[in-house]
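Structural overview
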Amino acid sequence: MKTRIITGGLMGLFFIPIFIFGGWILYSVLGLMSVFASYEMLNMVKTKTVVPKSVFVFVLAYNLLFYLVVIYSAEQGIILDVVLPLLLGLILLGSLLMVFIEDMSFDLFAKSILAMMYPVLGFVSLAIIREESLAFLGLLFVITVSTDIFAYFVGVSIGKHKLAPKISPKKSIEGSIGGLVFAVLFSILYIFLINLGNHSIDLSFWMVGLLAMLASVMAQVGDLVASKMKRTYGIKDFSQIFPGHGGIMDRFDSSLFAAMIVVALVVLELI
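Described in the following lines is the structure provided in the data block. (Residues numbered from 1 in each chain as written. Predicted model: local features only at pLDDT ≥ 70, side-chain atom pairs only at ≥ 80, totals over all residues. Heavy atoms only, no water.)

**Section: the overall build of the protein**
Quick reminder of the rule: A run of H or I in DSSP becomes a helix once it reaches four residues, and a run of E becomes a strand once it reaches two; helices and strands are each numbered from the N terminus. Exposure categories follow from relative accessible area, calculated using a 1.4 Å probe and restricted to protein chains: below 20% of the type maximum is buried, above 50% is exposed, and the middle band is partly exposed. Whether two residues are in contact is decided by their heavy atoms: any pair within 4.5 Å suffices. Charge counting treats Lys and Arg as positive and Asp and Glu as negative, with His and both chain ends excluded. The location of each charge is read from NZ of Lys, CZ of Arg, CG of Asp or CD of Glu.
The number of helices and strands found in the protein is nine helices and two strands. Put simply, the protein runs from its N terminus to its C terminus through helices and strands in the order α-α-α-α-α-α-β-β-α-α-α. Overall, the C-alpha framework of the protein stretches about 60 × 45 × 35 Å when taken along its three principal axes. For the protein, the proportion of its 271 residues judged to be buried stands at 48%. If you take every contact in the protein between residues at least 6 apart in sequence, the share linking residues at least 24 apart comes to 71%. Here the protein contributes 17 positively and 16 negatively charged side chains, and the mean placements of these two sets differ by 15 Å.

See the structure below:
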């Protein structure tokens, strides 16, 4: 527990200023995290499948390329124009690897695509939200942190019905609902306080509540997806880059899912 607390404090000291200042430092850090998260996922796959070094190189390199191109296109307002060509290029190059690399099965190809796209889309989404608004990024973290904390405490206090017993036996339906409710309450409080200061988010309390509900659900889905992957491959954590906390995917799984749904809503002009 002591190690976990110390690591958590150091993570806060490192990440909070980076998210506040934004810019190229934030882009660089999130890009490196995206690449390392893909590395963590491929290492997970490697526990049960032969993963050639060429696949590692391809996944990590294309992850970085995808990240940089989407970040640039987002700044230029042409993000939808570049995503499809990037995805087509990914399928084409991955298919060539499957043809010419003997150990590159269709199963490994599919897992490699997931190992690449899951992290990069999530971290790109975090970067886009930050550049859109620091206050909006703060709202996202209020939702995910509130969901995580209160899902745990409500679940421990009154949880009786298992949410997904084969994936995460300790999670309960009561905890899930509790996390969602407190995420909504703290989100509305956050917006109220933000609008009193120099920053503001142009959303009604009703819209904030609906957004918090959706993002809270997606954050919990992200956590369960990560748990399912780890249970499938028999690992406790994706890595030990954060002592006491695990890897990048362990710490950011819920935030990545929530960020992706928020960016999707922004791109579709639903919020």
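**As for the packing of aromatic side chains**
Which entries qualify depends on this criterion: Paired rings are identified among Phe, Tyr and Trp, the last through its six-membered ring, by centres lying within 6.5 Å, and are further divided according to the angle between planes into stacked (under 30 degrees), edge-to-face (over 60) and tilted (the rest). In this analysis the charged atom, NZ for Lys or CZ for Arg, is taken to sit over a ring once it is within 6 Å of the ring centre and within 35 degrees of the ring normal.
Scanning the entire structure with this criterion turns up 15 aromatic pairs. Between Phe123 and Phe252, the ring centres sit 5.9 Å apart and the planes meet at 55°, which makes this aromatic pair tilted. One end of the pair, Phe123, is in helix α5 (residues 106-132); the other, Phe252, is in helix α9 (residues 248-267), with 129 residues separating them in the sequence. What makes Phe123 buried here is its relative accessible area of 0%. Of the residues examined, Phe252 reaches a relative accessible area of 7% and is grouped as buried. Put simply, the rings of Phe14, Phe15, Phe19, Phe123, Phe141, Phe242 and Phe252 touch in pairs and so form one group of aromatic residues. The ring of Tyr233 has Lys48 lying over it, and the distance from NZ or CZ to the ring centre is 5.8 Å.

**With respect to the environment of Met260**
Following the sequence through the fold, Met260 ends up in helix α9. Linking Met260 and Glu174, residues 86 residues apart in sequence, is a C-alpha distance of 25 Å. Sequence-distant contacts of Met260, that is, excluding residues within four places in its chain, are made with Tyr118, Leu121, Gly122 and Ser125.

**Focus on a nonpolar patch on the surface**
As a reminder of what qualifies: Exposure above 30% relative accessible area and no salt bridge define the residues that can form patches, which grow by joining like charges within 9 Å and nonpolar side chains of Val, Leu, Ile, Met, Phe, Trp and Tyr within 5 Å. Each accessible area value is a Shrake-Rupley result obtained with a 1.4 Å probe; residue values ignore everything except the protein chains displayed when judging cover. One side-chain nitrogen of Lys or Arg within 4 Å of one carboxyl oxygen of Asp or Glu is enough to make a salt bridge.
Together, Leu163, Ile173, Ile177, Val181, Leu185, Phe186, Leu189, Phe192, Leu193, Leu196 and Phe205 give the surface a local cluster of nonpolar side chains, amounting to about 1000 Å² of exposed area. Here the nonpolar patch gets nine residues from one element, more than from any other, and that element is helix α7 (residues 173-196). Within the secondary structure layout, Ile173 lies in helix α7.

**So, the pairing of strand β2 (residues 168-172)**
This is how the line gets drawn: Strand pairing is assigned whenever DSSP identifies at least 2 bridges connecting the two strands.
Inspection of the sheet shows strand β1 (residues 162-164) paired to β2 by two bridges, in the antiparallel sense. In the sheet register, Lys162 faces β2, and the bridge partner there is Ser172. Taking the residues between adjacent antiparallel strands as the criterion, β1 and β2 are bridged by three residues.

**Observations concerning the pattern of salt bridges**
This model, assessed by the stated rule, comprises four salt bridges. For Lys171, the salt bridge identified is with Asp223, shortest N-O distance 2.8 Å. Within this pair, whereas Lys171 is found in strand β2, its partner Asp223 is found in helix α8 (residues 205-233), the two being separated by 52 residues in sequence. Between Asp237 and Lys236 there is a salt bridge, with its nearest N and O atoms 3.7 Å apart. According to the relative accessible area criterion, Lys236 is exposed, its value standing at 69%.

**Structural notes on the environment of Ala183**
You can see Ala183 is positioned in helix α7. Judged by relative accessible area, which is 0%, Ala183 ranks as buried. C-alpha of Ala183 to C-alpha of Ala212: the two residues are 29 residues apart in sequence and 6.3 Å apart in space. Those residues within four positions of Ala183 in sequence are excluded, and the remaining contacts are Ile143, Ser146, Thr147, Ala212 and Ser216.

**Description of the nonpolar core**
Taken as a class, soluble globular proteins show a tendency for nonpolar side chains to be buried jointly. Where we set the bar: Nonpolar cores are built from buried Ala, Val, Leu, Ile, Met, Phe, Trp, Tyr and Cys residues. Side-chain atoms within 4.5 Å join them into one set.
Formed by 77 residues in total, the largest nonpolar core has its most connected members in Leu30, Tyr67 and Phe123. Looking at this core element by element, the count peaks at 14 residues for α5. Contact partners of Tyr67, with chain neighbours within four places excluded, come to Leu26, Tyr27, Leu30, Gly31, Val120, Phe123, Val124 and Ala127.

**Let's talk about the side chain of Glu40**
Mapped onto the secondary structure, Glu40 falls in helix α2 (residues 23-46). This buried residue, Glu40, is left without a salt bridge; Lys230 holds the nearest opposite charge, at 9.4 Å. Apart from residues no more than four positions distant in its own chain, Glu40 is found in contact with Phe238, Ser239, Ile241, Gly247, Ile248 and Met249.

**Side note on the packing of α5 against helix α6 (residues 134-158)**
Stated precisely, the cut-off is as follows: Note on definitions: angles span 0 to 180 degrees between N-to-C directions of axes, and those axes are lines fitted to C-alpha atoms, for helices only across the stretch in contact. Geometric relationships in this document are graded by angle, where less than 35 degrees denotes roughly parallel, more than 145 denotes roughly antiparallel, 65 to 115 denotes roughly perpendicular, and other angles denote oblique. Nonpolar residues are Ala, Val, Leu, Ile, Met, Phe, Trp, Tyr, Cys and Pro. Charged residues are Asp, Glu, Lys and Arg, and all others, Gly as well, are polar.
Contact geometry of α5 with α6 gives a least axis separation of 5 Å together with a crossing angle of 130°. As far as their axial angle goes, α6 and α5 are oblique. Where α5 approaches α6, its residues Leu126, Ile129 and Arg130 are matched on the opposing element by Leu134, Phe136, Leu137, Leu140 and Phe141. Looking at side-chain class alone, the contact of α5 with α6 contains seven nonpolar, no polar and one charged residues.

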